[in-house]
Amino acid sequence: MSEPTSALRLDVYKTYKLFVGGKFPRSESGRVYEVTDRKTGEWLANAPQGTRKDTRDAVSAARKAFGGWSGATAYNRGQILYRAAEMLQGRREQYTAEVAVSEGLTAKKAAPLVDAAVDRLVWYAGWTDKVAQIAGNANPVAGPYFNLSTPEPTGVVGVVAPQGGHGFSLLGLVSVLAPVIATGNTAVVALAPGAPLPGLSLGEVLATSDLPGGVVNLISGRTEDIAPTLASHADVNALDLAGIVAEEGPASAKDLEVAAADTLKRVLRPEPASHDWTTAPGTDRLLTFLETKTVWHPMGM
Amino acid sequence: MSSSPLSTSGLAASGLAEVASSEASLRRFLHGLPGIDAVGLQARAAGLGTRSIKTTAKAYAIDLAISMIDLTTLEGADTPGKVRSLCQKAKNPDPGNPDVPHTAAVCVYPDMVPFAKEALGGAPINVAAVATAFPSGRAGLPVKLADTAEAVAAGADEVDMVIDRGAFLSGRYLEIYELIAEIRKACERPDGTAAHLKVIFETGELVTYDNIRRASWLAMLAGADFIKTSTGKVTVNATPANTLVLMEAVRDFREATGIQVGVKPAGGIRTTKDAMKYLVMVNEILGDDWLTPDWFRFGASSLLNDLLMQRQKLASGRYSGPDYVTVD
Amino acid sequence: MALFDYAPAPESRAAAGDIASTYGHYIDGEFVESTGSEALKTVDPSTEEVLAEFAQGTEADVDRAVAAARKAFTSWSALSGAERGKYLFRIARIIQERSRELAVLESIDNGKPIKETRDVDLPLVAAHFFYYAGWADKLEFAGYGPNPRPVGVAAQVIPWNFPLLMLAWKIAPALATGNTVVLKPAETTPLTALRFAEICRQAGLPKGVVNIITGDGRTGAALTAHPDIDKVAFTGSTEVGRAIARTLAGTTKRLSLELGGKAANIVFDDAPIDQAVEGIVDGIFFNQGHVCCAGSRLLVQESIHDDVMDALKRRMSTLRVGDPLDKNTDVGAINSAAQLARIQELTAAGEAEGAERWSPSCELPSAGYWFAPTVFSNVSATHRIAREEIFGPVLSVLTFRTPEEAVAKANNTPYGLSAGIWTEKGSRILWMAGKLRAGVVWSNTFNKFDPTSPFGGYKESGYGREGGRHGLEAYLDV
């Protein structure tokens, strides 16, 4: 007698994890929260509830990665970002599904947003070795000195991923993350708490793109836990508040800027929640997390 | 001028005596000297040049400058008459003013030394002779030695020799070291004394400040009593910056060996204002020990009249003019 | 006594022009009295003599000034860039014409040597206006988009260490880009800013484009917190910078900050030593060390520590400390009693913590605020004098062994304004320059400034750049 055969095959669910220091840990708290379909409210997955401690670990990882990543050649950074675009392209179907449920779109409407995210990575991949050429300067000082200004990465940037606007869940995330790392910064990203899946999956793309561990760290969880931790952390150099929506309270732009002022972090203020992430980005974000360094040297025999 | 015997013990004690034991070690030493940043050096010289020297300080500095002049004539057209006239000026620069100091020396070609000695008589003014195929230095060693011997025999108190810039620029440092040492010997007199040896680098032909620093140390190691910038015969002569290099060298050399060496900028120093800048440098780089004609000289000719006019102005309050100083 | 003792060579105090006994504000093109009655005094720090009284700006004064700037913004921003530029060219020229007067006035009010106001401050002030004048009609080529727009009304608060130069750094780019300004000079050095108001009148600058209000930190706080300003530009202490950043949190107002520093001046064993010693001296004794980018931490390679210290002490012994108006003075007076007290407190801490203190013997005048050039050796990284900005003529000397260690020590500070590197090895300079986290890196030179060269810091030294093409960004709506 043979065993009865069944037509049913169970899908293997993915355990979504944080992306910290190039690894995929669970939250140190061991806690998760339910992520649901934006349209139907159906349960989709359990996302790790990243904590303040997870955020601090991510900052450490980002700091550790900064020297190597900022010291890598711009060409190398461009190659890696392009590799990330290739990896994303290869997982187009998966991301289309995740974006669709995250933003309440049909697969047909979600797919072009994934394509746009791929293209955005390509756009920034091409920028890595051109930024210094548009943001730097040879300065004709009135004296016998060679004087050159070059842009350098600010350091560890805390990024609050977009929580709204057309294409926010993947394209928006890529649009804020890519310019940060293209210029040699490292990032700790607070993912959109209501739509973390494309972001958590992005870690898988980045992990297979030769991106050194710690350059990008992705934390899902409550913005009011993660963002204030980034804003008050003395080893974070800058904040991108793109996804901040709270008008008041610890996760409001005001409170976060006040906390950031303690160590004079550079702060990029929130994007309107209605921002259309498909619009051409321009160079604003690319040029934001840069420090201009000016080097003088005498010219003499 | 006091003629301090060369203290080789200082060199030995400093460990520098062995430096010239071979071309390789001499080169290693000279190229191991700290580099000079040209822009920084020039800025320092220019900064000292902004010192404002007024009233009593100016009066002091004018007289000091006059007393430091090697009053010079080095022309193909020089004659005994011209040299005699120069010597009178050296002894008594401002005929109406006996309190004006005399110059330190007159500086002439070797064949003019006897006329200068005669004209100066017993005046406490040295006769300096340029020698060693001045100004180019392009002659064989026997010629240079004979040139020197002639000057010393004729009574020169000081010999201003030139180094072989060609040898220097092609890196033959030991050859220059030996040349200086040979000339030094030729400066010796039968009575055991010696004419003071000033070594001219022709800084304008060495071009870089690093070269000028190396030349300074090379000359001091070989026994120079004075180091001197220029012949006055090329486009770039003494400048505050290249003289500053010489001053730093003598300062550091004394620090290392205990041996004091004099400095003489020459050529292109024409005005009181120029002279003040050099004296300010002596004052602030070297200090009191060098603020004397024994250790600092100006190689100049027209400078003297400008100093005299400025001196008259200080005394009378009126600006003087060229008709009130002598043309020599 | 030295053989060659320089006689006094004083610049004429009269050259400063008439200093009024009392000053009000300059608002909407007029010199006006304050709405309040409180007056402050500015003194000559070299004598403690009161130079003038000036108004403590009130909130109502600030309102008036901001309103004047707001009103003027409409027409000023609509003016063609070419015409705006011509006003700035006029100002540059008038500054050149009146530079002796301004240099003497600055020296009297600030205490800095006339040599510096004459040869550094004033030439740079005129050059800064000249440089930004030329940008006014070329902004579309500056790399900030095809149609860059001004931000609006800029509130500008400047420090006392380079009063007129900091004014130029603030006002020239703001006006070139079409903004209008309300500027508050520091409460110990208001006089050249008020004199600058006269220059604006001579230049025929439209009313309200530049407004100068005086007062202390209270006036500054009222100005930077004013609801109708669009931008704050501040140069001064990191502490006040933080406070302003908090004030502006959650608003759409722009902010640029140029704050403190604790720069490392790094000397390798293969440095051009004589020039390095000059650079060390310029780095810390220029302007009495009242310089945010001062090279206050000397990092010297251990192998040459003793030689460098000997040379440095020898050089320090020739510094001439005294009357700021004497043309031969190298180091002038400390700007205020408060600053002197801070320097004294930190140097006392340095001694208490075990660092070795040395100053050349120099006679300090009995009246006024004075502090002899001072160097501390045997300083460790944990000492307060190695970490805190002293803002005075006080150098802390530490040692290092390798380039990596030099970089690590240089970067080991919350500040990041400037750094110096001294070595004859070109590749090491470029390696070091790449690793140092500082906005300005001077290699084989120090404390050089130029209007074309961006200046500003990393980390807690502030954000934004002043000078150069980069300096336009802070005043453009990009």
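Residues numbered from 1 in each chain as written. Chains lettered and ligands numbered in written order. Predicted model: local features only at pLDDT ≥ 70, side-chain atom pairs only at ≥ 80, totals over all residues.

## Observations concerning the overall build of chain B
Next, step 1: The helix and strand tally for chain B stands at 14 helices and eight strands.
Next, step 2: Across its three principal directions, the C-alpha atoms of chain B cover 60 × 45 × 35 Å.
Next, step 3: Relative to its full complement of 328 residues, chain B shows a buried share of 57%. (Helix = DSSP H or I, 4+ residues; strand = E, 2+ residues; numbered from the N terminus. Buried ≥ 20, exposed ≤ 12 C-beta atoms within 10 Å, placed from the backbone.)

## Focus on the packing of helix α2 (residues 81-97) of chain C against helix α4 (residues 114-135) of chain C
Residues and elements named next belong to chain C.
Next, step 1: Two numbers describe how α2 lies on α4: the axes approach to 8 Å, and their chain directions differ by 165°. The angle between α2 and α4 falls in the class roughly antiparallel. Crossing geometry of α2 relative to α4 is assigned as left-handed. Along the contact surface, α2 presents G85, L88, F89, I91, A92, I95 and Q96, while α4 presents V125, A126, F129, F130, Y132, A133 and G134.
Next, step 2: For the contact of α2 with α4, the per-class residue count stands at 11 nonpolar, three polar and no charged. (Axes fitted to C-alpha atoms, helices over the stretch in contact; angles between N-to-C directions. Parallel < 35°, antiparallel > 145°, perpendicular 65-115°, else oblique. Left-handed = near helix turned anticlockwise from the far one by under 90°. Contact = placed C-beta atoms within 7 Å. Nonpolar A, V, L, I, M, F, W, Y, C, P; charged D, E, K, R; others polar.)

## Thoughts on the pairing of strand β14 (residues 374-377) of chain C
Residue and element names in this part refer to chain C.
Next, step 1: A two-sided burial pattern is seen for β14, the buried positions comprising T374 and F376 on one face and V375 and S377 on the other.
Next, step 2: Inspection of the sheet shows strand β13 (residues 356-358) paired to β14 by three bridges, in the antiparallel sense. Each residue of the ladder has a partner; that of R357, found in β14, is F376.
Next, step 3: With three bridges joining them, β14 and strand β15 (residues 394-400) adopt parallel strand pairing. (Pairing = 2+ DSSP bridges.)

## Overview of the interface of chain C and chain A
Next, step 1: In this assembly, 32 residues from chain C lie in contact with 28 residues from chain A.
Next, step 2: Elements with a minimum of two residues in the side of chain C that touches chain A: α8 (238-247), α14 (426-435), β17 (440-443) and β18 (462-463) of chain C.
Next, step 3: Here the residues of the side of chain C that touches chain A are counted per class, giving 12 nonpolar, 12 polar and eight charged.
Next, step 4: When strand β10 (residues 290-298) of chain A meets β17 of chain C, the two strands line up parallel, connected through three bridges. Opposite V295 of chain A, over in β17 of chain C, you have V441 of chain C as the bridge partner.

## Remarks on the sheet that holds strand β1 (residues 69-72) of chain B
Residue and element names in this part refer to chain B.
Next, step 1: Strand order across the open sheet formed by eight strands is β7-β6-β5-β4-β3-β2-β1-β8, with parallel pairing between neighbours. A single partner strand is all that each edge strand has here, and the edge strands are β7 (262-264) and β8 (298-300). In this sheet, adjacent strand axes meet at a mean angle of 25° when their direction is disregarded.
Next, step 2: Pairing of β1 with β8 involves three bridges; the strand directions are parallel. For I69, the partnering residue across the bridge sits in β8 and is F298.
Next, step 3: Packed onto the sheet, helix α12 (residues 240-257) meets β6 (226-228) and β7 and runs at close to 175° relative to β7.

## Observations regarding the sheet that holds strand β5 (residues 49-55) of chain C
Next, step 1: In space, the three strands of this open sheet follow the order β1-β5-β4 (chain C), with mixed pairing throughout. What marks the edges here is a single partner per strand, and that holds for β1 (22-23) and β4 (39-44) of chain C.

## Comments concerning the interface of chain A and chain B
Next, step 1: With five residues of chain A at the contact, the number on the chain B side is six residues.
Next, step 2: When grouped by side-chain class, the residues that make up the side of chain A that touches chain B number four nonpolar, one polar and no charged.

## What to know about helix α6 (residues 113-120) of chain B
Residue and element names in this part refer to chain B.
Next, step 1: Among the residues of α6, V113, F115, A116, A119 and L120 are the ones counted as buried. Buried positions in α6, seen along its axis, are confined to an arc of 160° and lie on one side of it.
Next, step 2: Check the buried side of α6 and you find it contacts α5 (80-91), β2 (105-108), β3 (126-131) and α7 (141-153).
Next, step 3: Just beyond α6, the residue with positive phi is G121, at close to 55°. (Arc of directions from axis to C-beta.)

## A word on the environment of T318 of chain C
Next, step 1: By the secondary structure assignment, T318 of chain C is in the loop between α10 (305-316) and α11 (337-352).
Next, step 2: Each C-alpha atom, one on T318 of chain C and one on C362 of chain C, is 9.6 Å from the other, the two residues being 44 residues apart in sequence.

## Observations regarding unusual backbone geometry
Next, step 1: Each neighbour pair has its own omega, and for F134 of chain B with P135 of chain B the value is 0°, a cis peptide bond.
Next, step 2: Mapped onto the secondary structure, P135 of chain B falls in the loop between β3 and α7.
Next, step 3: Of note, the phi angle at N444 of chain C is positive, near 55°, even though the residue is not glycine.
Next, step 4: Using a count of 25 C-beta atoms within 10 Å as the deciding quantity, one classes N444 of chain C as buried.

## A look at the pairing of β10 of chain A
It is a general feature of regular strands that their side chains alternate between the two faces of the sheet.
Residue and element names in this part refer to chain A.
Next, step 1: Across the nine residues of β10, nine count as buried, placing the element largely inside the fold.
Next, step 2: Side chains L290, T292, T294, W296 and P298 of β10 all project onto a buried face; the interleaved residues E291, K293, V295 and H297 project onto the opposite face, where all are buried too.
Next, step 3: As defined by bridge partners, strand β4 (residues 145-153) adjoins β10 across nine bridges and the pair is classed as antiparallel. If you follow T150 over to β10, its bridge partner there is K293.

## Remarks on the environment of E460 of chain C
Next, step 1: With respect to the element layout, E460 of chain C can be found in the loop between β17 and β18.
Next, step 2: Setting aside residues no more than four positions away along its own chain, E460 of chain C makes contact with T263 and L264 of chain A together with T238, L259, P414 and Y415 of chain C.

## Side note on the nonpolar core
Side chains of a nonpolar character, in soluble globular proteins, are inclined to be buried together.
Next, step 1: With 253 residues, the main nonpolar core has L121, V159, L177 and V189 of chain A together with L88 of chain C as its most contacted residues.
Next, step 2: Excluding residues that lie within four positions of it along the chain, V159 of chain A makes contacts with V176, L177, V180, A187, V188, V189, D240 and A242 of chain A.
Next, step 3: With 113 residues, the next largest nonpolar core counts A20, A65, I180 and V325 of chain B among its residues. (Core = buried A, V, L, I, M, F, W, Y, C linked by C-beta atoms within 7 Å.)

## Notes on the confidence of the model for chain B
Residues and elements named next belong to chain B.
Next, step 1: The share of residues in chain B with pLDDT of 70 or more is 97%, and the mean pLDDT across the chain is 95.
Next, step 2: Counted against residues more than four places away or in other chains, residues 1-7, with its pLDDT under 50, gives 11 contacts.
Next, step 3: The ipTM assigned to the predicted complex is 0.97, against a pTM of 0.96. (pLDDT = per-residue confidence, 0-100.)

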